[in-house]
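Chain and residue survey
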Amino acid sequence: MTRPSLTGIGMTSARTRDRLIARLREQGIANPQVLERIRAVPRHVFVDEALASRAYEDTALPIGHGQTISQPYIVARMTEALIEGDRKIGKVLEVGTGCGYQTAVLAPLVKKIYSIERIAPLHHKWFAGGGYPPGPPTGTDIPLGARIIAVADTLAARTSRPPLIRWVWRWPGSASG
C-alpha cells in the first residue's frame, strides 16, 4: 500500500485546507491552536484514497464498518471545548480511535492521549501500515484481547515536527495492565 502525500495536491492542497479553516472560522471556531491543528493534520491520509478529494469538505466521511471520520467542525469544536481557557490537559482517553484523526488533531495540545479501538477491522487497518506518520509498527499483529493504547508524543507541541503516535499494548492480567 502506498501512503498518500502528507502535503497534498489539488483538492488536498494547502489552499483547500485554508478554505476549510475559513469555513470553520465562519462557524465560530476561534481558537488559533485548534485552527492550526485542523490545517496541519492531513485529513486526506485518514480516509480511503477514493474519498481524498472530499477530505477537506466540512462533512463526515465513511471509513468503513459503519463508522465515519468526524466532520471537521465537530473535531474542532470538541477540541476547542476541551482546551478552553488555555487549560493544560494532562491525560485524555479517546474511546473509538476509528481512523485516528481526532487523536492526531488533539495530540500536541495535551500531555498524553490514550486512544482505544474496539472494531477489529479498523484496528487491523490501522496496524497494517496505515495511520498518521510514522504509524504503528508494520506487520505487528496485536490480539484484540490486548488493550491497545496510543500515546501521543507531546514533544511535537513544542517543535515543528508532526506528532508521533507511539503504540503501547498491555496484555490482560499483566502487572501493568
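These lines cover the structure that appears in this document, whether it is placed above or below. Just so it is clear, the structure is predicted and the values come from calculations on it, not from any experiment. (Residues numbered from 1 in each chain as written. Predicted model: local features only at pLDDT ≥ 70, side-chain atom pairs only at ≥ 80, totals over all residues. Heavy atoms only, no water.)

Points about the side chain of Thr-97
- Take Thr-97: it is sitting in the loop between strand 3 (89-95) and helix 4 (101-106).
- Ignoring sequence-local partners within four residues, the contact set of Thr-97 consists of Thr-103, Ser-115, Ile-116 and Glu-117. (Helix = DSSP H or I, 4+ residues; strand = E, 2+ residues; numbered from the N terminus. Contact = heavy atoms within 4.5 Å.)

Structural notes on helix 2 (residues 32-40)
- Buried within helix 2 we find Val-34, Leu-35, Arg-37 and Ile-38. The arc enclosing the buried residues of helix 2, seen along the axis, measures out at 160°, which places them on a common side.
- Buried positions along helix 2 lie against helix 1 (14-26), helix 3 (72-82) and helix 4.
- Taking the backbone nitrogen of Gln-33 as reference, a side-chain oxygen 2.8 Å away marks Asn-31 as the first, capping residue of helix 2. (Buried < 20%, exposed > 50% of the residue type's maximum accessible area, 1.4 Å probe, protein only. Arc of directions from axis to C-beta. Polar contact = N/O pair within 3.5 Å; in protein donor to acceptor, adjacent residues only side chain to side chain.)

Some thoughts on the pairing of strand 3
- Of the strand pairs in this sheet, strand 3 and strand 4 (residues 110-116) are connected by six bridges, and their pairing is parallel. Considered in strand 4, the bridge of Val-95 is made with Ile-116.
- The parallel pair strand 3 and strand 4 is bridged by helix 4, and the resulting crossover is right-handed. (Pairing = 2+ DSSP bridges. Right-handed = clockwise from strand over helix to strand, strands pointing away.)

Quick word on the packing of aromatic side chains
- Counted by the stated rule, this structure contains one aromatic pair.
- Relative to Tyr-101, the ring of Phe-46 has its centre 5.6 Å away and its plane inclined at 70°; by these criteria the two rings are edge-to-face. Separated by 55 residues along the polypeptide, Phe-46 in the loop between helix 2 and strand 1 (61-64) and Tyr-101 in helix 4 bring together distant segments of the chain. Take Phe-46 and Tyr-101: they sit in the same class, and that class is buried.
- Sitting over the ring of Tyr-101, Arg-43 keeps its end group 5.5 Å from the ring centre. (Phe/Tyr/Trp six-rings, centres within 6.5 Å; stacked < 30°, edge-to-face > 60°. Lys NZ or Arg CZ within 6 Å of the ring centre and 35° of its normal.)

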